[in-house]
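# Topology and contacts: notes
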Amino acid sequence: MRIATYNVNGINARLPRLLEWLEEARPDVACLQELKADGEKIPIQAITDAGYGAIWHGQKGFNGVAILARGEQPVERRRGLPDDPDETHSRYIEAEVGGVVVASIYLPNGNPQPGPKFDYKLAWMERLIDHAASLLVEEKPVVLAGDYNVTPRDIDTFSVLAMADDALTQPESRAALRRLLHQGWTDAIRARHPEPAPLYTFWDYQAGAWPRDAGFRIDHLLLSPQAADRLVDANVDKAVRGREKASDHAPTWVELR
DNA sequence: ATGTCGAGCAAAGCTCGA
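So, here's what we can say about the structure. (Residues numbered from 1 in each chain as written. Chains lettered and ligands numbered in written order. Predicted model: local features only at pLDDT ≥ 70, side-chain atom pairs only at ≥ 80, totals over all residues. Heavy atoms only, no water.)

## Some thoughts on the environment of Arg179
Along the chain, the position of Arg179 falls in helix α4 (residues 171-182). Overall, the relative accessible area of 41% leaves Arg179 in the partly exposed class. Between the C-alpha atoms of Arg179 and Glu126, which are 53 residues apart in sequence, the distance is 9.5 Å. Those residues within four positions of Arg179 in sequence are excluded, and the remaining contacts are Glu126 and Ile129. Reaching out from Arg179, the side chain makes a polar contact with the side chain of Glu126 at a distance of 2.4 Å. (Helix = DSSP H or I, 4+ residues; strand = E, 2+ residues; numbered from the N terminus. Buried < 20%, exposed > 50% of the residue type's maximum accessible area, 1.4 Å probe, protein only. Contact = heavy atoms within 4.5 Å. Polar contact = N/O pair within 3.5 Å; in protein donor to acceptor, adjacent residues only side chain to side chain.)

Given below as structure tokens:
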């Protein structure tokens, strides 16, 4: 069972690339972020025609997350995190597919920092940590997939110096991610690629980031112990980033037994 | 670390968010 996460950066702008990737990678589950669309603007017919059932938590213009399942309809469990005081951001949706609980997460970017956006990011991470703890209690295979907007370690960014003031690399962001991991989640990419290789998932459109491989590893798939037991592979579909009209993120995936 | 995008608003080019 292959479960992927892909920040599409506009589902309509990206539709040809998304359909092409679904056709060639054939993920069983695809967690999408940054739909930047809702309602009538979600190209549901094209997704259905590609053979996928879908649920989404959309939003006009910004944010927006979805879960696609090949040949079936994901069974929605929740949208939004518990106790969220600001329901205007569509950043979390959770479903069960084929006996696995899957979440599609678009964690706040948090720039500029310090400031209210960074405070919002850290508060959002606290709510995610609380909810994740409740998921572990179920003792099921769970995959928390998405754009976390956090580089776990220095190796996960092309330049520690250039990123020194960035919300994605701040000690507070990393400490919050570690507290989540320390509950008992496995960072699937690191579990399969323990060598200190970058395995970036995002390259900015600006400043020639892609041609000079100036990326970050910020898209993660965190596995509950029951999911980690079944982990056989994980990787990044890096070539997708190099295509015409590409998203600034590459699809990232796990294969579970 | 700013050389770029995507979307909204409103009808082209600015603003915002990344």
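## Observations regarding the protein's contact with DNA strand B
Taken together, the neighbourhood of DNA strand B is formed by 21 residues, with Arg14, Met163, Tyr205, Gln206 and Lys245 sitting nearest. In the environment of DNA strand B, a phosphate oxygen lies 3.4 Å from a nitrogen or oxygen atom belonging to the side chain of Lys117. Within the side chain of Lys245, one N or O atom sits 3.2 Å away from a phosphate oxygen of DNA strand B. Split by residue class, the surface near DNA strand B holds nine nonpolar, five polar and seven charged. (Near = heavy atom within 4 Å. Nonpolar A, V, L, I, M, F, W, Y, C, P; charged D, E, K, R; others polar.)

## Side note on the packing of helix α3 (residues 116-136) against α4
At a minimum axis separation of 10 Å, α3 and α4 run at an interaxial angle of 5°. Accordingly, the angle class assigned to the pair α3 and α4 is roughly parallel. Here α3 contributes Phe118, Lys121, Leu122, Met125, Glu126, Leu128, Ile129 and Ala132 to the contact with α4, which in turn contributes Glu172, Ser173, Ala176, Leu177, Arg179 and Leu180. (Axes fitted to C-alpha atoms, helices over the stretch in contact; angles between N-to-C directions. Parallel < 35°, antiparallel > 145°, perpendicular 65-115°, else oblique.)

## What about the nonpolar core?
For soluble globular proteins, nonpolar side chains are generally found buried alongside one another. If you look at the biggest cluster of nonpolar residues, it comprises 28 residues, and the most contacted ones within it are Ile3, Val143, Leu223, Val254 and Leu256. Once you skip the residues sitting within four places of it in the chain, Ile3 turns out to touch Val29, Val100, Val102, Val143, Leu221, Thr252, Trp253, Val254 and Leu256. Counting residues in each nonpolar core, the second largest holds 24 residues, with Ala103, Leu107, Leu177 and Leu222 among its members. (Core = buried A, V, L, I, M, F, W, Y, C linked by side-chain atoms within 4.5 Å.)

## Brief notes about the pattern of salt bridges
A full pass over the atoms with the stated rule returns 18 salt bridges. Close ionic contact of Glu126 with Arg179 constitutes a salt bridge, the shortest N to O distance being 2.4 Å. Linking Glu126 in helix α3 with Arg179 in helix α4, this pair joins segments that are 53 residues apart in sequence. Notably, a salt bridge pairs Arg192 with Asp233, separated by 3.6 Å at the nearest N-O pair. On the criterion of sequence distance, the pair formed by Arg192 in helix α5 (residues 188-192) and Asp233 in strand β13 (residues 231-236) is long-range, its members being 41 residues apart. Look at Arg192 and you get partly exposed, because its relative accessible area is 38%. (Salt bridge = Lys/Arg side-chain N within 4 Å of Asp/Glu carboxyl O.)

## So, unusual backbone geometry
With omega at -5°, the peptide bond leading from Asn111 into Pro112 counts as cis. Here Pro112 is to be found in the loop between β7 (100-106) and α3. A cis amide bond links Gln113 with the next residue in sequence, Pro114, at an omega value of -5°. You can see Pro114 is positioned in the loop between β7 and α3. With a phi close to 45°, Arg26 is a non-glycine residue in the positive phi region. With respect to the helices and strands, Arg26 occurs in the loop between α1 (15-25) and β2 (29-33).

## Side note on the packing of aromatic side chains
Inspection of every chain in the model, using the stated rule, returns five aromatic pairs. On the numbers, 5.5 Å between centres and 15° between planes, the contact of Phe202 with Phe216 is stacked. Of this pair, Phe202 sits in strand β10 (residues 202-203) while Phe216 sits in strand β11 (residues 215-216), placing them 14 residues apart in sequence. For Phe202, a relative accessible area of 10% translates into the label buried. Grouped by ring-pair contacts, the aromatic residues Phe158, Phe202 and Phe216 constitute a single cluster. The ring centre of Trp253 lies 3.7 Å from the NZ or CZ of Arg2, which sits over that ring. (Phe/Tyr/Trp six-rings, centres within 6.5 Å; stacked < 30°, edge-to-face > 60°. Lys NZ or Arg CZ within 6 Å of the ring centre and 35° of its normal.)

## Some points on the sheet that holds β7
Taking strand neighbours across the sheet as the criterion, the six strands line up as β5-β6-β7-β8-β12-β9 in an open arrangement whose pairing is mixed. Two strands close off the open sheet at either side, each with one partner strand: β5 (75-79) and β9 (186-187). Here strand β8 (residues 142-147) runs beside strand β12 (residues 219-223); their pairing, made up of five bridges, is antiparallel. Bridge pairing links Asp147 to Asp219 in β12. (Pairing = 2+ DSSP bridges.)

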